[in-house]
Amino acid sequence: AAGVIQSPRHLIKEKRETATLKCYPIPRHDTVYWYQQGPGQDPQFLISFYEKMQSDKGSIPDRFSAQQFSDYHSELNMSSLELGDSALYFCASSRGTEGNTIYFGEGSWLTVV
Amino acid sequence: AQTVTQSQPEMSVQEAETVTLSCTYDTSENNYYLFWYKQPPSRQMILVIRQEAYKQQNATENRFSVNFQKAAKSFSLKISDSQLGDTAMYFCAFMIEGYSTLTFGKGTMLLVSP
């Protein structure tokens, strides 16, 4: 079965640079979520989109922005990167928003040096 | 605010044995969903099992089953016939009905040894 696809899987950026992560949800899933997992931490919710509109917002820094496109893929843009942004970034998707099971991608490793 | 507590940072079990991972949560909501996710060394987040709070029957998926005690706000995961591939970090997670975000516990690292 098709899963959530994330790219790139790994990237290294310098402080103050910009990074963009892409996410392709499972076919027919209309909701996309972004989570950040720091070293030794549990995943923290950043933001979600349903039908291309922002549906929920969590602990996403102002330096980060995201959107969902007409084909339902999503991009997370991170600017003015800081060392503390180094983490595993998960995209996840579901069909609908209420109580539906959320399926995660394999994650994108961001290292800021 | 909702909180999820996993009181066992690490657990170990031998192959073929049974192990139970604990999870408690705190909420004033009546309708919600509970999940167990598994994160192996590859760091992929894999859904193990899901439980709707309005269902009294405990969810089961092959070797994985839960003991859901709504009054006690407890949601433990039992793994039967443990396999080496079960070695992973296990996260308990909570979602309020009407919302779409997961709140995770801190995780329990399970090591299955031969």
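Here goes a summary of the coordinates provided. Residue positions are counted from 1 within each chain, in the order its sequence is given. Chains carry letters from A onward and ligands carry numbers from 1 onward, assigned in written order. For this predicted model, a pLDDT threshold of at least 70 governs which residues receive local features, and a threshold of 80 or more governs which side-chain atom pairs are given and counted, while totals over whole chains, interfaces and linings are taken from all residues. In computing side-chain properties, one takes all heavy atoms of the structure into account and sets aside hydrogens as well as water.

Brief notes about the overall build of chain A
We count it as follows: Counting from the N terminus, the helices are DSSP H or I runs at least four residues long and the strands are E runs at least two residues long. Both definitions apply: the radius of gyration is a C-alpha atom measure, and the globule rule equals 2.2 Å times residues to the power 0.38. Each residue is placed in one exposure class: buried if its accessible area under a 1.4 Å probe, protein chains only, is under 20% of its type's maximum, exposed if it is over 50%, and partly exposed if it falls in between. Here, residues are in contact when the closest pair of their heavy atoms is within 4.5 Å. Surface accessibility in these figures is a Shrake-Rupley result with a 1.4 Å probe; residues are shielded only by whichever protein chains are displayed. Only four residue types enter the tally: Lys and Arg on the positive side, Asp and Glu on the negative side, with His and both chain ends excluded. Every charge is mapped onto a representative atom, which is NZ of Lys, CZ of Arg, CG of Asp or CD of Glu.
Across its full length, chain A holds zero helices and 11 strands. Helices and strands appear in chain A in the N-to-C order β-β-β-β-β-β-β-β-β-β-β. Taken against the 2.2 N^0.38 rule, which gives 13 Å for 113 residues, the C-alpha radius of gyration of chain A at 13 Å falls within 12% of a compact globule. Across its three principal directions, the C-alpha atoms of chain A cover 35 × 25 × 25 Å. Taking all 113 residues of chain A together, the buried fraction comes to 50%. Taking contacts inside chain A between residues at least 6 apart in sequence as the whole, the part at least 24 apart equals 53%. Of the roughly 5300 Å² of accessible surface on chain A, a fraction of 48% belongs to carbon and sulfur atoms. Seen as two clouds, the 10 positive and the 13 negative side-chain charges of chain A have centres 4 Å apart.

Thoughts on the interface of chain A and chain B
Cut-off, in case you're wondering: In this description, buried area is defined as the sum, over both parts, of the accessible area (probe of 1.4 Å) that is lost when the two are combined. By convention in these notes, a salt bridge is any Lys or Arg side-chain nitrogen within 4 Å of a carboxyl oxygen on Asp or Glu. Counted as a polar contact is a pair of N or O atoms within 3.5 Å, where, for protein atoms, one must be capable of donating a hydrogen and the other of accepting one, and residues adjacent in sequence contribute only when both atoms are in side chains.
The partner chain B presents 19 residues to the 23 residues of chain A that form the contact. Both sides of the chain A and chain B interface together cover about 1800 Å² of buried area, and 54% of this is carbon and sulfur. The tally of links between chain A and chain B comes to one salt bridge. Ionic pairing is found between A:Asp42 and B:Lys106, a salt bridge with its closest N-O pair at 3.0 Å. Along the contact surface separating chain A from chain B lie six residue pairs in polar contact (both at pLDDT 80 or more).

Re unusual backbone geometry
With glycine set apart, most residues show a phi of negative sign, and most peptide bonds adopt trans. All names here are of chain A. With an omega of -10°, the peptide bond between serine 7 and proline 8 qualifies as cis. Secondary-structure assignment places proline 8 in the loop between strand E1 (5–7) and strand E2 (10–13). Positive phi, close to 45°, is recorded for serine 80, a residue that is not glycine. Following the sequence through the fold, serine 80 ends up in the loop between strand E8 (74–78) and strand E9 (87–94). Under the relative-accessibility criterion, serine 80 is labelled partly exposed at 38%.

Things to note about the nonpolar core
This is how the line gets drawn: We call a set of buried Ala, Val, Leu, Ile, Met, Phe, Trp, Tyr and Cys residues a nonpolar core when their side-chain atoms join them within 4.5 Å.
Grouped together as the largest cluster of nonpolar side chains are 26 residues, with contacts concentrated most on B:Tyr25, B:Trp36, B:Phe75, B:Leu77 and B:Tyr90. Broken down by secondary-structure element, the contributors of at least two residues to this core are strand E3 (19–21), strand E5 (32–39), strand E6 (46–52), strand E8 (64–69), strand E9 (74–79), strand E10 (88–96) and strand E12 (108–113) of chain B. In contact with B:Phe75, not counting residues within four places along its chain, are B:Cys23, B:Tyr25, B:Leu34, B:Phe35, B:Trp36, B:Gln51, B:Val66, B:Asn67, B:Phe68 and B:Cys92. A:Leu11, A:Cys23, A:Ile47 and A:Tyr89 belong to the second largest nonpolar core, which has 22 residues in total.

Overview of the state of the cysteines
For the record, the criterion: By disulfide we mean two sulfur atoms from cysteines, separated by a distance within 2.5 Å.
For the coordinates displayed, the defined rule picks out two disulfides over all chains. Note that A:Cys23 is cross-linked by a disulfide to A:Cys91, the S-S spacing being 1.7 Å. With the S-S dihedral at roughly -65°, the linkage between A:Cys23 and A:Cys91 falls on the left-handed side. Residue A:Cys23 is found in strand E3 (residues 19–24), and its partner A:Cys91 is found in strand E9; the two are separated by 68 residues along the sequence. The burial state of A:Cys23 is the same as that of A:Cys91; both residues are buried. The disulfide that involves B:Cys23 links it to B:Cys92, with 2.0 Å between the sulfurs. Across the S-S bond linking B:Cys23 and B:Cys92, the dihedral sits near -70°, which makes this disulfide left-handed. Of this pair, B:Cys23 sits in the loop between E3 and strand E4 (24–26) while B:Cys92 sits in strand E10, and the two are 69 residues apart along the sequence. On the basis of relative accessible area, B:Cys23 is assigned to the buried category, the value being 1%.

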